[in-house]
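Take a look at the letters that make up each chain.
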Amino acid sequence: MDPLVEKQEEMVQAAILYPLECYLFGEDPDVFLEKLQQSGTSQLCGKVFKGGETTYSCRDCAVDPTCVLCMDCFQNSIHKNHRYKMHSSTGGGFCDCGDTEAWKAGPLCTKHEPGASGSAKENSGCQLNEEIMEHSRRVFPSVIKYIVDMLVWEEEKELPPELVIREKVDSYYCVLFNDEHHSYDHVIYSLQRALGCELGEAQLHTTAIDKEGRRAVKAGHYASCQEVKEEIKRHSENVSQRPLHVEVLHADVMAHQKFALRLGSWLNKLMSYSSDFRQIFCQICLKEEAGSEKPCFISKLMLWDAKLHKGARKVLHELIFSSFFMEMEYKKLFAVEFVKYYKALQKEYISDDHDRVLSVTALSVQMFTVPTLARHLIEEQNVITTITETLLEVLPEYLDKNDKFNFQGYSQDKLNRVYAVIYDLRYVLVSKPTLWTDRLRARFLEGFVSFLRILTCMQGMEEIKRQIGQHIEVDPDWEAAIAIQMQLKNILLMFQEWCACDEELLLKAYSECHKAVIRCSTNGRSREKTVFHLCGHTLESRPYRVSADPVSIHLPLSRTLAGLHVRLSKTGTISRLHEFVSPEEFQVELLVEYPLRCLVLVAQVVAEMWRRNGLSLISQVFYYQDVKCREEMYDKDIIMLQIGASLMDPNQFLLLILQRYELAEAFKKLKPTKDQDLIKQYNVLIEEMLQILIYVVGERYVPGVSNVTKEDVIMREIIHLLCIEPMAHSAITKSLPENENYETGLENVIDKVATFKKPGVSGHGVYELKDECLKEFNMFFYHYTKTQHSKAEHTQKKRRKQENRDEALPPPPPPDFSPAFSNVVRILNCDVMMHILRTILQRAVELETHLWTEAMIQMVLHLLSLGLLEEKQQLQKSPEEEVTFDFYHKATRMGSSALNAVSVLTLLEKLKRVPQLEAQKDTVGWILQMFDTVKRLREKSSLTTVAATSGSEATKVDETQSTQDKEKAERKRKAEAARLHRQKIMAQMSALQRNFIETHKLLYENTLEAQGKEDAVMEEESISSAIDYSKIALGPKRGPSVAEKEVLTCILCQEEQEVKLESAAMVLSACVQKSTALTQNRSRILEHSGDTLDPLFMHPDLPCGTHTGSCGHVMHAACWQKYFEAMQLNFRQRLHVEQIFDLENGEYLCPLCKSLCNTVIPIVPLQPQKINSEDAEAVAQILSLARWLEIIIARISGYSVKNAKGEKQNLPAFTNKGIGNSALEFNSILSFGVQSSAKYSNSIKEMLILFATTIYRVGLKVAPNEADYRIPMMTWSTCAFTIQCIENLLETEGKPLFGSLQNRQHSGLKALVQFAAAQRTTSPQVLIQKHLIRLLGVLLPNFKVEDTPSLLEVDMFHILVGLVLSFPSLYWEDAVDLQPSSISSAYNHLYLFHLMTLAHITQIVVSSATESPTAQPYENSEEAHSAQAFCREVCQYTSGCFSQDIPGWLVWDCVKKGIMPYLRCAALFFHYMLGVSPPEDLLQVSEEGQFKALCSYLSLPTNLFLLFQEYRDTVNPLLQRWCADPMVLSCLKGKSIAVRYPRKRNSLIELPEDYSCLLNQASQFRCPRSSDDEQKHPVLCLFCGAMLCSQNTCCQELVNGEELGACTSHALQCGAGVCMFLKIRECKVVLIEGKTRGCLYPAPYLDEYGETDPGLKRGNPLHLCRERYRKLHLLWQQHCIIEEIARSQETNQIFFGFNWQLL
Ligand SMILES: [Zn+2]
Ligand SMILES: [Zn+2]
Ligand SMILES: [Zn+2]
Ligand SMILES: [Zn+2]
Ligand SMILES: [Zn+2]
Ligand SMILES: [Zn+2]
Ligand SMILES: [Zn+2]
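A quick note: this is a predicted structure, and the numbers were derived from the prediction, not measured. (Residues numbered from 1 in each chain as written. Chains lettered and ligands numbered in written order. Predicted model: local features only at pLDDT ≥ 70, side-chain atom pairs only at ≥ 80, totals over all residues. Heavy atoms only, no water.)

Next up on the list: the packing of aromatic side chains. All chains considered together, the criterion is met by 59 aromatic pairs. Ring geometry for Phe140 versus Phe277: centroids 6.0 Å apart, planes at 45°, classification tilted. Of this pair, Phe140 sits in helix α4 (residues 130–151) while Phe277 sits in helix α9 (residues 275–286); the two residues are 137 residues apart in sequence, bridging distant segments of the chain. Classification of Phe277 as buried rests on a relative accessible area of 0%. A connected cluster of aromatic rings, assembled from ring pairs, spans Phe94, Phe281, Phe321, Phe324, Phe325, Phe334, Phe338, Tyr342 and Phe368. A cation over an aromatic ring shows up here: Lys331 above the ring of Phe325, its NZ or CZ 5.2 Å from the ring centre. Arg700 extends its terminal NZ or CZ atom over the ring of Phe817, reaching a point 4.1 Å from the ring centre. (Phe/Tyr/Trp six-rings, centres within 6.5 Å; stacked < 30°, edge-to-face > 60°. Helix = DSSP H or I, 4+ residues; strand = E, 2+ residues; numbered from the N terminus. Buried < 20%, exposed > 50% of the residue type's maximum accessible area, 1.4 Å probe, protein only. Lys NZ or Arg CZ within 6 Å of the ring centre and 35° of its normal.)

The strand order across the open sheet formed by 3 strands is β4-β3-β5, and the pairing between neighbours is antiparallel. At either end of the open sheet lies a strand with only one pairing partner, and these are β4 (214–220) and β5 (246–250). Strand-to-strand twist of the sheet, defined as the mean angle between neighbouring strand axes without regard to direction, takes the value 30°. Inspection of the sheet shows strand β3 (residues 172–177) paired to β5 by 5 bridges, in the antiparallel sense. Looking across to β5, one finds that Leu176 is bridged to Val246. Of the strands in this sheet, β3, β4 and β5 are in contact with helix α8 (residues 251–271), which crosses β5 at around 95°. (Pairing = 2+ DSSP bridges. Axes fitted to C-alpha atoms, helices over the stretch in contact; angles between N-to-C directions. Contact = heavy atoms within 4.5 Å.)

With that settled, the discussion passes to the nonpolar core. Counting 281 residues, the largest nonpolar core has Phe140, Phe324, Phe368 and Leu911 as its most contacted members. Among residues more than four places away in sequence, those in contact with Phe324 are Phe281, Cys282, Cys285, Leu286, Ile298, Tyr330, Lys331 and Phe334. With 167 residues, the next largest nonpolar core counts Leu1034, Leu1365, Leu1398 and Leu1504 among its residues. (Core = buried A, V, L, I, M, F, W, Y, C linked by side-chain atoms within 4.5 Å.)

Here we take up the packing of helix α28 (residues 676–698) against helix α34 (residues 854–877). Relative orientation of the contacting elements α28 and α34 amounts to 20°, with a least axis distance of 9 Å. One way to sum up the angle between α28 and α34 is to call them roughly parallel. Relative to α34, the crossing made by α28 is left-handed. Residue-level contacts link Asn683, Ile686, Glu687, Leu690, Gln691, Leu693, Ile694, Val697 and Gly698 of α28 to Ala855, Met856, Met859, Val860, His862, Leu863 and Leu866 of α34. When grouped by side-chain class, the residues that make up the contact of α28 with α34 number 11 nonpolar, 4 polar and 1 charged. (Parallel < 35°, antiparallel > 145°, perpendicular 65-115°, else oblique. Left-handed = near helix turned anticlockwise from the far one by under 90°. Nonpolar A, V, L, I, M, F, W, Y, C, P; charged D, E, K, R; others polar.)

Protein coordination at the zinc ion (ligand 2) comes from Cys73 (SG), Cys97 (SG), Cys109 (SG) and His112 (ND1), with a distance range of 1.9 to 2.3 Å. With 4 donor atoms in place around the zinc ion (ligand 2) and angles of 98 to 118° between them, the coordination shape is tetrahedral. Positions of the donor residues of the zinc ion (ligand 2), expressed as sequence spacing, correspond to C-x23-C-x11-C-x2-H. The distance between the zinc ion (ligand 2) and the zinc ion (ligand 1) comes to 4.3 Å, and Cys73 binds to both of them. Here His112 lies in the loop between β2 (84–88) and α4 and Cys73 lies in helix α3 (residues 71–75), a separation of 39 residues in the sequence. Judged by relative accessible area, Cys73 falls into the buried class, the value being 1%. (Donors = N, O, S within 2.8 Å, 3.2 Å for Na, K, Ca; no water. Tetrahedral: all angles 85-135°; square planar, octahedral: opposite > 155°, others 65-115°.)

Spatial ordering of the open sheet is given by β20-β19-β23-β24-β25, a layout of 5 strands whose pairing is antiparallel. At either end of the open sheet lies a strand with only one pairing partner, and these are β20 (1587–1590) and β25 (1637–1642). Direction aside, neighbouring strands of the sheet carry axes that sit 35° apart on average. With 6 bridges joining them, strand β24 (residues 1628–1633) and β25 adopt antiparallel strand pairing. In the strand pairing of β25, Glu1633 is matched with Arg1637.

Let us look at the coordination of the zinc ion (ligand 6). Taken together, the protein ligands of the zinc ion (ligand 6) are Cys1581 (SG), Cys1584 (SG), His1610 (NE2) and Cys1614 (SG), with distances of 2.0 to 2.3 Å. One can describe the donor arrangement at the zinc ion (ligand 6) as tetrahedral, given that its 4 donor atoms subtend angles of 106 to 113° at the metal. Coordination of the zinc ion (ligand 6) draws on donor residues from a single chain, spaced C-x2-C-x25-H-x3-C in sequence. Separated by 30 residues along the polypeptide, Cys1584 in the loop between β19 (1577–1581) and β20 and Cys1614 in helix α57 (residues 1606–1614) bring together distant segments of the chain.

Another aspect to go through is the side chain of Ser1323. Structurally, Ser1323 can be placed in the loop between α46 (1303–1319) and α47 (1325–1339). In this structure Ser1323 comes out as buried when scored by relative accessible area, which is 11%. A polar contact is formed between the side chain of Ser1323 and the side chain of Gln1319, at a distance of 3.3 Å. Excluding residues within four positions of it along the chain, Ser1323 makes contact with Pro1272 and Ile1328. (Polar contact = N/O pair within 3.5 Å; in protein donor to acceptor, adjacent residues only side chain to side chain.)

Evaluated as defined, the whole model comprises 0 disulfides. Unpaired in this structure, Cys296 has its nearest cysteine sulfur neighbour in Cys285, at a distance of 7.6 Å. Free of any disulfide, Cys499 has its nearest cysteine sulfur in Cys501, 8.5 Å distant. Overall, the relative accessible area of 0% leaves Cys499 in the buried class. (Disulfide = S-S within 2.5 Å.)

Before going further, it helps to spend a moment on the packing of helix α49 (residues 1382–1408) against helix α51 (residues 1448–1474). Running from N to C, α49 and α51 point in directions that differ by 150°, and their axes come no closer than 9 Å. One way to sum up the angle between α49 and α51 is to call them roughly antiparallel. Taken as a pair, α49 and α51 cross one another with a handedness that is right-handed. For the pair α49 and α51, the contacting residues are His1389, Phe1393, Met1396, Thr1397, His1400, Ile1401, Ile1404, Val1405 and Ser1408 in the first and Val1451, Cys1454, Val1455, Gly1458, Ile1459, Tyr1462, Leu1463, Ala1466, Phe1470, Met1473 and Leu1474 in the second. Broken down by class, the residue content of the contact of α49 with α51 amounts to 15 nonpolar, 5 polar and no charged.

Structure representation (structure tokens):
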């Protein structure tokens, strides 16, 4: 904290607060408050949420979704095991734990339960004694009055006289206030200009302003402050719409205001201790001055809220939370005050310049959603009317001359503030009352009527007119109107639900709504009615054309009426409707008119008649039918048509439809026209109309329209969604409408209709429709979009085809209409309908191709099916003579007019033969069959009714039974036919095949034979080689290299080339990166730059290595160079394009797979070598280890002699012999066989240098330098490290050492090892020798080389690789370029390896063999004995520091386990270098077999200690020196710690199974650098588990002069620049590389539907998915993070804008 602020705080405490508390409590405040705390606290939790904090809600128990719990309460509540939701708070809400009205069950967590936390008291009630209460009553009023007086302040106001303590001095502040209009940069700019200050100071001010809400930016005399004020205003006005808010305040006033707020916080603290304090406080706040109209204290503050600065508002709101909202009684009184001033408050808010969370109006949700409180406010305060009137008062600025809304040119921000008021309506209505009083009914109805006034302003708003001729110039604003529709959707539904609670209310509401609709339906009344005739029916109506007259898509009144109508029908109250609306008043045609126009508009838009009206109309039509709006738009319009169809004469109804669709002419005798566009337009309109007719008759899944439940409705929606394709849970949820509780009802029914299929490691789980639900499929489901419709049709037809069934998709039998709607079906069999159907069929049959479409026919067939189904259902239910529905009769009768002389049935028969309708054949067949069924039902029932009425039921059942049987039989027959057909084809095919073999018999047999022979030869060969020497890699028994000639294809030019030493180079794309994947010690500080680093020795911690990976794609070096240069050129020309990769650093994307690469590996062919076993035997006789050592030492010292020109170097002889015959000994190394060095082509050499330089540059982070002495070291190092990484990966994946590598890994490793062997030839041999001598220094302590690390400070495998690769440099001669022969190499490798192994065993024993606590059975094996013997020696050489008491078997066990990774790495290394095939056992996973096979492959005895015995004389002196090293001794004495073997295998940190645990952790997280409570973004490093504070200036770090965010700077340390984080609050994984790159990746947490939840948007409980986490682990260990980032950046270009550096 600022020291000045700290001091002020101390002074306030000492001078004022402490004495005040002493007076209040009558004793030491600390003691008293401690006592009070002990005696228990409130049952309400009341924790106020900060932005970003996680809140929990329970879908099972919360009364509404605004009821939330804090993390603590949730974890201690029963809801933890319910269907909870978790979300990030936007700040400002509070925990509802303890509020019995908020929860249907479990309102209290265990912490807030009475009796919990050790307190026996039930209620926090009255522990305060009378004296303290008395004191409080005296102190609080003054404090509160002081706060109010100081905060409610206007610039000109004077301090009250009692506060003026001295002469008024001319000391003022210029105070700048925060707002939401001006950006940071605006404020900084204005300040810099106005104050003439530095950027830093301006930034400081701005940050403080944003945090506190205001800041004194200038102190001084009044005039100077005024001047600055004007300056700031002027400058800020220049850069934005309005000036900044600045005030000049007297210094004393500032001081008092500050103190007033401090007192506010003090009160806030007191409130938490006792209910008595709260009550006294509330009483005083609510007290009104007697006889005065002035508002009470709290209301004063509320009304002043919008004028307060941010900091003051926060204190004030917290005080309200901690006092009023913790006492139910006072919450109610507060709510009353709140509603009293509601209008004023909302208006203040609408013109306020702060976010809603900072407004007192945001408290409404806390009161309005409490059911009893809401009811009270409706009854007593008439809150619904208050809210709607507020809306009516703020909305008029949007009204046009007709008193309809028009939002053209609206301000989004302002309208958003209006939505807040609409939201309040939603809160008040969220819980339906169970008990209705007369008063409640009256008040609600009053509110409803008032609400209808708003709807009246919307009914018909934003009318549009079809644009003819020119396209409109500007697309009108449509978003605002649609947004209001969305906001209103659930409110409309809630009003309807409330109305439906009570019969009386429903009828009254209906009548009011009806009146309102009729009032709005006046336009066009002036026009004269016209008459329309068709089929002998006439319709009289006023002319209106959608295509020419204005039309609106907004009809909330009509739709509310439709909603109320179905509720009337559902409750049966409809029978009393005439009491409220007389039939004359009803005017059904008028009610239908507007919704019908709207549907016609949609049809005309589809027919492209409104093309010229632009995109805005398309968007409106989209939302009209979209799930977000359709319930209160499209769906209700369909219902309104159904109401019309049920109440109007069916023929008249259809005539009206025809007329409004402007199709009246189309069904009369057609005048031939050539206008193709017009014909097409007609056709689309006819299709659209038929579709609407199908919906009117067929769509009955609405409670009230038929007798279905809500569940049935949802089930049907889901079935139709899943008929398109299997879907994820979230996709289904998104396609279903949500109710006011954000529930779709999906979970209750999904398992009835679908089965869940789990996801794999990527993707998500999906639901598949159950087979038995397929029969519910209705191709013309009214919520299908056009694409969904055709997709679903396609899927279902395909499925039926696969099942060998016909392709007919008739409608499923719909549920019966409820009585109020039963008349709708009459439109199916009325004359006009028959005319329509007949006309269309006729046109198809007569092949007037341009006048009909297949879709049209499909719809006609669908309507026919509906008619027949209806008649069948009716016949099955009641006796034939009662069934008046005569569809069959009408359809089989001939038409009246000459044009339609044929019956529908006849036309249908003919339709079968229309070739264009082949696809509909099955449907036609199905319908004909239905005709038959209905006919027989008619006949049968007329027979049976004559016979016996009682038996009729049974016969009908029989009848249906028999039809069903018949259908079944038919299906069976077809299936059988299909089966036979298949069989026939199969038979034909196999016959063909036989014939082929017959004719080509000779050829066939020959090839078979040849193959067999070849196989046999191969086998023989491999057997013989296996017996001989094959699977040993080292020493005289070394097997032959299996090197096939390699012919590779360049991915760029597609040409093939054989890889040869002397040919032009081929290269493998590769990526070199630093890696900490194997580190044993993450706390080790990594060097940022390797300028001074000596990389020859790798520390056994493996802190940071250089990894080389490849995607395995091959190119010609020349082709690659061309490609790279072209890319460089390309990017230089387009400078503005941000690059995914860093060309400067040689980065590019693999041309084939787009992996990120930064270099290429030259492909050097393996040189096959074979050893003559006789020669080898001969050499074996002479070349013992001792002799071999002598020879190399002689060679080395010889070099030194030569190099130093006689000056004897300080190289003590290793053997006792001395360097007598030095000349001879110097050359004796050559006597065991040499050969000339390989000659590489220039192109290969060039690539060798290029790649080696890249490794050096990337691995050390230095500038490239081809001549640097460290280049060979880095080559060996990356070779060793990459092998170690691969070994590690194979082990953790549980795969065998050989044969299981991915192709890319295999070819990458092969190329890398061969490269590493060849690289030596491009460096000076003297340099290589120097490195070699330093490496040998570790093994042979006699070589006194400076800075040689001890045995415990090096990684042995790195040394082994270095030694083996550098060793040939000893064969270098001035004149000729020599290298060891195969036999020499075999021995060199063997001895080097054996020596390294001995050293490693010693290393393991010294560092890892300690007493193990688990007592294992004593094992008396040979190995144990040898181990024991070895230990004795070590003990002796370490002067007893090494304990001899460790049992031999334990030491053996340690060694065997510890050495395994080293042996595995060595096997990989020698295999890829020499090409000797490994033993079978290494191609499988087996613990014991593997060890033996490794020993045999590497020429080791399985009892490793035998090595010591074998080489005893030579090795003992070495062992002695190794053990005597001070470092080793210090470790043995426990003074220092060495790495233990086997080293631990790294894995990503353990994550909790339940995601809320992580959220919990994150909530405990405190930024290590700052103490403010601002929103933090905690992220978790998945490598090391560190929790960091990301995206925040507080934790940025300065690295090499650059500001880096916490993640980026952590990554440099933890992952050498590459790292993986989990953003906890967002549930996303972030991968980053370096300072500029990163990407998001789905977190490995899934909800129960197998889906991830980035951003916790859905909020379902999440659980760890192990497979996915493992995938992330592999991404890391395979070094594919960089690749993943590059790939993701390629596909998601959006992330370019993100500044990864500051993460
Ligand atoms: Zn809580
Ligand atoms: Zn609680
Ligand atoms: Zn619950
Ligand atoms: Zn090529
Ligand atoms: Zn590639
Ligand atoms: Zn880390
Ligand atoms: Zn921080």
